[in-house]
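# Descriptive analysis of the structure
As a plain string of letters, each chain reads:
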Amino acid sequence: MARTRAFDTEAAVRKAMELFWSRGYEATSVRDLTRHLGLGQGSLYAAFGDKDGLYRAALEYYRTSLAADALSSLEQGTDARAVIRAMLVERLRIAVGEGGRGCLAVNAVCERLPEDAATRRTVRDMQDASRNALAEVLGAAAARGEITTRHDPYTLAGFLVTFLNGLLVSSKITPDAPGLEPLVEVALTALD
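Residues numbered from 1 in each chain as written. Predicted model: local features only at pLDDT ≥ 70, side-chain atom pairs only at ≥ 80, totals over all residues. Heavy atoms only, no water.

## Points about the overall build of the protein
Check the secondary structure of the protein and you find nine helices and zero strands. In sequence order, the secondary structure elements of the protein are arranged as α-α-α-α-α-α-α-α-α. For the C-alpha atoms alone, the extent of the protein along its principal axes is close to 65 × 35 × 30 Å. Split into buried and exposed, the 192 residues of the protein put 43% on the buried side. Restricting to contacts in the protein with at least 6 residues of sequence separation, those with at least 24 account for 68%. When the accessible surface of the protein is split by element, carbon and sulfur atoms take 52% of a total near 9900 Å². (Helix = DSSP H or I, 4+ residues; strand = E, 2+ residues; numbered from the N terminus. Buried < 20%, exposed > 50% of the residue type's maximum accessible area, 1.4 Å probe, protein only. Contact = heavy atoms within 4.5 Å. Areas by Shrake-Rupley, 256 points an atom, 1.4 Å probe, with all protein chains shown as cover.)

## Things to note about the nonpolar core
Ranked by internal contacts, the top residues of the largest apolar core, which has 61 residues, are Phe-20, Leu-54, Tyr-62, Ile-84, Leu-88, Leu-134 and Leu-138. Not counting residues within four places of it along the chain, the set of residues in contact with Ile-84 comprises Leu-74, Leu-134, Val-137, Leu-138, Leu-160 and Leu-188. (Core = buried A, V, L, I, M, F, W, Y, C linked by side-chain atoms within 4.5 Å.)

## A word on the packing of aromatic side chains
Evaluated as defined, the whole model comprises five aromatic pairs. Taking 4.8 Å as the distance between ring centres and 65° as the angle between the ring planes, the aromatic pair formed by Tyr-25 and Tyr-55 counts as edge-to-face. Residue Tyr-25 is located in the loop between α1 (9–23) and α2 (30–37), and its partner Tyr-55 is located in helix α4 (residues 51–74); the two are separated by 30 residues in the primary sequence. An aromatic cluster of at least three residues, connected via ring pairs, comprises Phe-20, Tyr-25 and Tyr-55. Across from the ring centre of Tyr-25, 4.1 Å away, lies the NZ or CZ of Lys-51, which sits over that ring. The ring of Tyr-25 is capped by Arg-112, whose NZ or CZ atom sits 3.7 Å from the centre of that ring. (Phe/Tyr/Trp six-rings, centres within 6.5 Å; stacked < 30°, edge-to-face > 60°. Lys NZ or Arg CZ within 6 Å of the ring centre and 35° of its normal.)

## Considerations on the environment of Met-87
You can see Met-87 is positioned in helix α5 (residues 80–100). Given a relative accessible area of 7%, Met-87 falls into the buried group. A sequence separation of 15 residues divides Met-87 from Ser-72, and the C-alpha atoms of the two residues are 9.6 Å apart.

## Side note on the environment of Gly-166
As for its placement among the helices and strands, Gly-166 is situated in helix α8 (residues 153–173). It is 25 Å that separates the C-alpha atoms of Gly-166 and Thr-149, two residues lying 17 residues apart in sequence.

## Points about the pattern of salt bridges
Taken as a whole, this structure holds twelve salt bridges when the rule is applied. Asp-52 is paired through a salt bridge with Arg-56; the nearest N and O atoms lie 3.3 Å apart. Here the residue Asp-52 and the residue Arg-56 both occupy positions in helix α4, the gap between them amounting to four residues, near one helical turn. With a relative accessible area of 22%, Asp-52 lands in the partly exposed category. Between Asp-116 and Arg-56 there is a salt bridge, with its nearest N and O atoms 2.7 Å apart. (Salt bridge = Lys/Arg side-chain N within 4 Å of Asp/Glu carboxyl O.)

## Some points on the packing of α5 against α8
In the contact formed by α5 and α8, the axes pass within 9 Å of each other and the chain directions differ by 25°. Classified by the angle their axes make, α5 and α8 are roughly parallel. The two elements α5 and α8 cross, and the hand of that crossing is right-handed. Contacts between α5 and α8 pair Ile-84, Met-87, Leu-88, Arg-91, Leu-92, Ala-95, Val-96 and Gly-100 from the former with Leu-160, Phe-163, Leu-164, Leu-167, Leu-168, Ser-171 and Lys-172 from the latter. Considered class by class, the residues forming the contact of α5 with α8 number eleven nonpolar, two polar and two charged. (Axes fitted to C-alpha atoms, helices over the stretch in contact; angles between N-to-C directions. Parallel < 35°, antiparallel > 145°, perpendicular 65-115°, else oblique. Left-handed = near helix turned anticlockwise from the far one by under 90°. Nonpolar A, V, L, I, M, F, W, Y, C, P; charged D, E, K, R; others polar.)

## Digging into the packing of α1 against α4
Relative to each other, α1 and α4 sit at 95°, their axes nearing to 8 Å. Here α1 is positioned roughly perpendicular relative to α4, judged by the angle of their axes. Counting all contacts with α1, which are made through Glu-10, Val-13, Arg-14, Ala-16, Met-17, Phe-20 and Trp-21, the residues of α4 involved are Lys-51, Leu-54, Tyr-55, Ala-57, Ala-58, Tyr-61, Tyr-62 and Leu-66. Here the residues of the contact of α1 with α4 are counted per class, giving twelve nonpolar, no polar and three charged.

Structural data, given as structure tokens:
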């Protein structure tokens, strides 16, 4: 007879996400995970297959929670520049928090690519969603005359996603939001 799982899988994934986010994949051992999650190794393997399976679940949790929150913030308000500024600054604030741990998705790319195709797909999906959401906001703003029409909204959105990725890498080097926030203002001049 199969045993029922005696722990909250979502809570375990959330806690694993925090550990991977602060330490990285390679620096986090299975032993670290079992201690941090309060699980036995057998329970971890039964639920997630292996460390890599738990890492994938953690990235997916990040995508559906924190990354999704950033996208939903774009849907609020009608002033595209203010909404995009707020989203960029909020992502920067999160990245410099906890001693400058950066962004889990960007960290995953820096640590796991080009070898890890599954991580590439997961992060590409996140970036595609961000680019599409930004393109929609930018297209509507251009139609209202709020921003320039000299750039295609999809290309402009791609620039902003690329800028944000670089900003998030920089935030690990210099975890100083007030020092990095002026760069957001420079990036926003692409909307002029």
